[in-house]
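Structural overview
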Amino acid sequence: IARLTLAVGVMLAVLAATAGLNLWQQSQTASMMAELAAQSDKLRLVDRWAALSESTSVRIMAVNKSGDEAISALFGAEIGPKVKEVGELFRQIKGLATRPDELAWFEQMTPKREALLQSLKDMAEYRQVGDMPAASTMFDTAFMPAQKAYNEHIQGFVRIQRDYLE
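Read on for an overview of the structure. None of the values given here were measured: they were computed from a predicted structure.

Here's the deal with the overall build of the chain
Scanning the chain for helices and strands turns up four helices and zero strands. Listing every helix and strand of the chain by position from the N terminus yields α-α-α-α. Expressed as lengths along the three principal axes of its C-alpha atoms, the size of the chain is roughly 100 × 30 × 20 Å. Within the chain, counting contacts between residues at least 6 apart in sequence, those at least 24 apart form 73% of the total. Counting only carbon and sulfur atoms, one obtains 63% of the accessible surface of the chain, whose full area is about 10300 Å². Each charge class in the chain can be summarised by its mean position, and for the 18 positive and 20 negative side chains these summaries are 6 Å apart.

Some words on the packing of helix H1 (residues 2–66) against helix H3 (residues 100–128)
The geometry of H1 relative to H3 is characterised by a closest axis approach of 13 Å and an angle of 25° between their N-to-C directions. By the angle class used here, H1 and H3 are roughly parallel. Seen from above, H1 lies across H3 with left-handed handedness. Contacts between H1 and H3 involve Lys42, Trp49, Ile60, Val63 and Asn64 from the former and Glu102, Trp105, Met109, Leu120, Met123 and Arg127 from the latter.

Notes on the packing of aromatic side chains
Note on aromatic pairs: each is described by the distance of the centres and the angle between the planes. One pass over the full model with this rule turns up eight aromatic pairs. The interplanar angle of 80° and the centroid separation of 5.8 Å between the aromatic rings of Trp49 and Trp105 together place this pair among those described as edge-to-face. With Trp49 in helix H1 and Trp105 in helix H3, the pair connects residues that are 56 residues apart, well separated along the chain. A single burial state applies to Trp49 and to Trp105, both of which are buried. With centroids separated by 5.2 Å and ring planes inclined at 70°, the aromatic side chains of Phe106 and Phe157 adopt a geometry described as edge-to-face. Of this pair, Phe106 sits in helix H3 while Phe157 sits in helix H4 (residues 132–165); the two residues are 51 residues apart in sequence, bridging distant segments of the chain. Pair check on accessibility: Phe106 and Phe157 agree, each one buried. Three or more aromatic residues joined by ring pairs form one cluster here, namely Trp49, Phe90, Trp105, Phe106 and Phe157. Looking at Arg113, its charged tip hangs above the ring of Phe90, at a distance of 4.3 Å from the centre.

What about the pattern of salt bridges?
Opposite charge on two side chains lets them pair, provided their charged atoms get close. Tallied over the full model, the rule gives ten salt bridges. A salt bridge links Glu102 to Lys42, with the shortest nitrogen-to-oxygen separation between them at 2.6 Å. Here Lys42 lies in helix H1 and Glu102 lies in helix H3, a separation of 60 residues in the sequence. Each member of the pair, Glu102 together with Lys42, is buried. Asp47 serves as the salt-bridge partner of Arg162, at 3.0 Å between the closest nitrogen and oxygen. Of the two residues, Arg162 sits in helix H4 while Asp47 sits in helix H1, which places them 115 residues apart along the sequence.

Calculation notes
- Residues numbered from 1 in each chain as written.
- Predicted model: local features only at pLDDT ≥ 70, side-chain atom pairs only at ≥ 80, totals over all residues.
- Heavy atoms only, no water.
- Helix = DSSP H or I, 4+ residues; strand = E, 2+ residues; numbered from the N terminus.
- Contact = heavy atoms within 4.5 Å.
- Areas by Shrake-Rupley, 256 points an atom, 1.4 Å probe, with all protein chains shown as cover.
- Lys, Arg positive; Asp, Glu negative; His and termini not counted.
- Charge placed at Lys NZ, Arg CZ, Asp CG, Glu CD.
- Axes fitted to C-alpha atoms, helices over the stretch in contact; angles between N-to-C directions.
- Parallel < 35°, antiparallel > 145°, perpendicular 65-115°, else oblique.
- Left-handed = near helix turned anticlockwise from the far one by under 90°.
- Phe/Tyr/Trp six-rings, centres within 6.5 Å; stacked < 30°, edge-to-face > 60°.
- Buried < 20%, exposed > 50% of the residue type's maximum accessible area, 1.4 Å probe, protein only.
- Lys NZ or Arg CZ within 6 Å of the ring centre and 35° of its normal.
- Salt bridge = Lys/Arg side-chain N within 4 Å of Asp/Glu carboxyl O.

Shown next as structure tokens:
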């Protein structure tokens with residue numbers, strides 16, 4: 001009877017260990033799935049940010065280079081809200097950044113973003129006072145290089161997110 005008790009005890013211990021291991025594996029799988037879902041959501045947000053930034057840049061280019069009132073009327077009113085939305089996405093994504101590569105990327109992005117926003121402000125001021133030649137010069141010398149650097153850097157962040165998911 002002692003041997004039978006011992007055998008049953010060992011079998012129960014093995015069953016308990018197996019059940020515990022199974023629960024641990026399920027918990028690890030659930031944790032990995034949650035992380036994957038969070039990273040996928042972040043990538044969708046980053047893709048949206050990149051696309052919105054690019055399309056907003058195109059609107060700004062059209063308005064500032066065409067001189068056509070119809071184009072200004074079509075795209076001009078949307079620029080301010082779109083720039084604001086790009087900024088909101090920037091802040092939202094920055095709040096989700098936790099990994100060292102992401103944090104380093106945002107440190108590098110800050111001066112690019114500041115240069116872009118300053119060029120937009122300067123162009124708007126020149127346009128507001130009717131100095132179109134100065135606005136055009138600001139567009140060519142400040143905005144174009146700033147938006148190119150900004151949008152290229154965003155594409156770098158897209159690559160960081162995709163590489164992490166792979």
